[in-house]
Amino acid sequence: MKEYWTSLASLLGVLAFCQSLLQVVFPPELRFATVKLFNRMFHLFSSHCYFDITEIDGVNTNELYNAVQLYLSSSVSITGSRLSLTRALNSSAITFGLSNNDSIVDTFNGISVLWEHVVTQRQSQTFSWRPLPEEKRGFTLRIRKRDKSLILDSYMDYIMEKANDIRRKNQDRLLYTNSRGGSLDSRGHPWESVPFKHPSTFDTLAMDPTKKQEIMDDLKDFANGQGFYQKTGRAWKRGYLLFGPPGTGKSSMIAAMANYLGYDIYDLELTEVHTNSELRKLLMKTSSKSIIVIEDIDCSLTLSNRAKSNNVSTNVIRSSYGDMGEMRGGGGGGGEDGGNTSITLSGLLNFTDGLWSCCGSERIFVFTTNHIEKLDPALLRSGRMDMHIFMNYCSFPALKILLKNYLGLNESDLDGVVLKELEGVVDKAEMTPADVSEVLIKNRRDKRKAVKELLEALKVRAKRISEKNMVSLREKGSEYLEEEQEKRALESPKEGCEFEKEEESDCKKGNDEKQESTTTTIEK
């Protein structure tokens, strides 16, 4: 046993001597140069090239690393054998990713590439103001040399775009509102946000299906129209005006648009904005792929139709583009420079269609109003409000959607007689989808009772409107008769006077002729 330990010690001594000899003969610099030369020879004769994408670039996080991680998660969930699960902040979805030192093959434009997730332990660190993670993570991309020039640039752009789509889809949407009085939060932003979880979609929206599909197609064309807008020299934005009676679903339409496109919503409260410059700053702090909403625009500012204004010279200011901007509250024309804390119509128009509206891309402006006739035509023209959407009273197609949403009843589940009565009375009743929904919600546990009460409510409303219209027609008829009588009364004395004047003229003419005849007889 003693001889064994003696032999082992001798062997270790020989190995230590050889190692020391190698370090003397081959110093670290020479060994490093040898490894480098070997790698160059290997890459020279290799048919592939390699690209490393590290998680930390110096002291900053590499955005491309996160993009690759998100992009591969869409493919890994199907083909990977060992996966890692993650859930990002403000996200309701779980994403898959490559495990440590695992690899996956991806295909782009018919060309195959290999991704490998490389994770190694980081060496001991010296003192640093920002300590680095213990593990060093990165992706290695392997591409055939002959394919490098064909796909590298376009492949990276595709990965970034795909990652943004995945991030927007997985991340919970946010609802922003401008801070009270233009104050800033702790990060210096003028917007405050909360998670946006409105469940409204185009499937649940009570609207005519044809009109609904037209809006969805327009939104889809806008979201996919970056190349078109660049080619035509237009800013990548679009404006929608939602108008109609209260309770017809304007807010639900905005929520459905946001959920359909996956955009955040910026609810702009104009009464908290004091100047045009503050309005521009708010616009600059909005992100792309967002919907900027101004609800009840006719109530937020005095933006009435200039053609109906009697005191145009005192209440409005003409902008350099020929548009008139009314001061909020009917103030004078001091504007920003004059110290007047008001925003003008001109400032709002520049906000939606001026140079400052192009400081971001892929934005949608949505205005809502209950009285479109009160708005200035300059705000309604194409380029500012490109699509006008009339949110009407509940129609029969919309009623069928509400019955499906609240009671789970399809058209085939309803009695033919009841269905025909509903179809005949719903347009005459002029009930909003909100009123119809309230009737269904109260009786949702008893479907038959809900349909019965809804039919009764529609009939009562239709009868009331019919009686109201009859009274209105009678009043208009009586007013018309009174006006006609007044006209005749005013015209009758004139006709009598003219008749008397004609009689006097005829009598005078007859006397003159008689006198002339008498004079002629005497002379004879």
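The protein chain carries the name Aaa-atpase in an unreviewed UniProt entry, which gives Quercus suber as its organism. Within the UniProt record for the protein chain, the comment given under Catalytic activity (unreviewed entry) is "ATP + H2O = ADP + phosphate + H(+)". Under the UniProt heading Sequence similarities (unreviewed entry), the entry covering the protein chain gives this text: "Belongs to the AAA ATPase family. BCS1 subfamily."

Colleague: Can you break down the sheet that holds strand β6 (residues 103-108) residue by residue, with the values?
Modeller: Spatial strand order, β1-β8-β7-β6: four strands in an open sheet with antiparallel pairing. Whereas interior strands pair on both sides, the edge strands pair on one side only; in this sheet they are β1 (48-54) and β6. Across the sheet, the mean angle separating the axes of adjacent strands is 25° when strand polarity is ignored.

Colleague: Could you give an account of the pattern of salt bridges, naming the residues involved and the relevant values?
Modeller: For the structure shown, the criterion picks out ten salt bridges. Taking the shortest distance from any N to any O, the salt bridge between Arg 144 and Asp 147 comes out at 3.3 Å. Of the charged contacts, one joins Asp 218 and Arg 238 as a salt bridge, the two residues approaching to 2.7 Å between their closest N and O atoms. Highlighted residues: Asp 218 in helix α5 (residues 209-223) and Arg 238 in strand β11 (residues 237-243), separated in sequence by 20 residues.

Colleague: Describe the packing of helix α13 (residues 396-407) against helix α14 (residues 416-429), with residues and values.
Modeller: With their axes 9 Å apart at the nearest point, α13 and α14 run at an angle of 125° to one another. By the angle between their axes, α13 is oblique relative to α14. Considering only the axes of α13 and α14, their crossing is right-handed. Every residue of α14 that contacts α13 at Phe 396, Leu 399 and Leu 403 is listed here: Leu 419, Leu 422, Glu 423, Val 426 and Asp 427. Residues belonging to the contact of α13 with α14 are distributed by class as follows: six nonpolar, no polar and two charged.

The rules behind each value
- Residues numbered from 1 in each chain as written.
- Predicted model: local features only at pLDDT ≥ 70, side-chain atom pairs only at ≥ 80, totals over all residues.
- Heavy atoms only, no water.
- UniProt positions renumbered as here; feature names shortened; annotations may be inferred.
- Pairing = 2+ DSSP bridges.
- Helix = DSSP H or I, 4+ residues; strand = E, 2+ residues; numbered from the N terminus.
- Axes fitted to C-alpha atoms, helices over the stretch in contact; angles between N-to-C directions.
- Salt bridge = Lys/Arg side-chain N within 4 Å of Asp/Glu carboxyl O.
- Parallel < 35°, antiparallel > 145°, perpendicular 65-115°, else oblique.
- Left-handed = near helix turned anticlockwise from the far one by under 90°.
- Contact = heavy atoms within 4.5 Å.
- Nonpolar A, V, L, I, M, F, W, Y, C, P; charged D, E, K, R; others polar.

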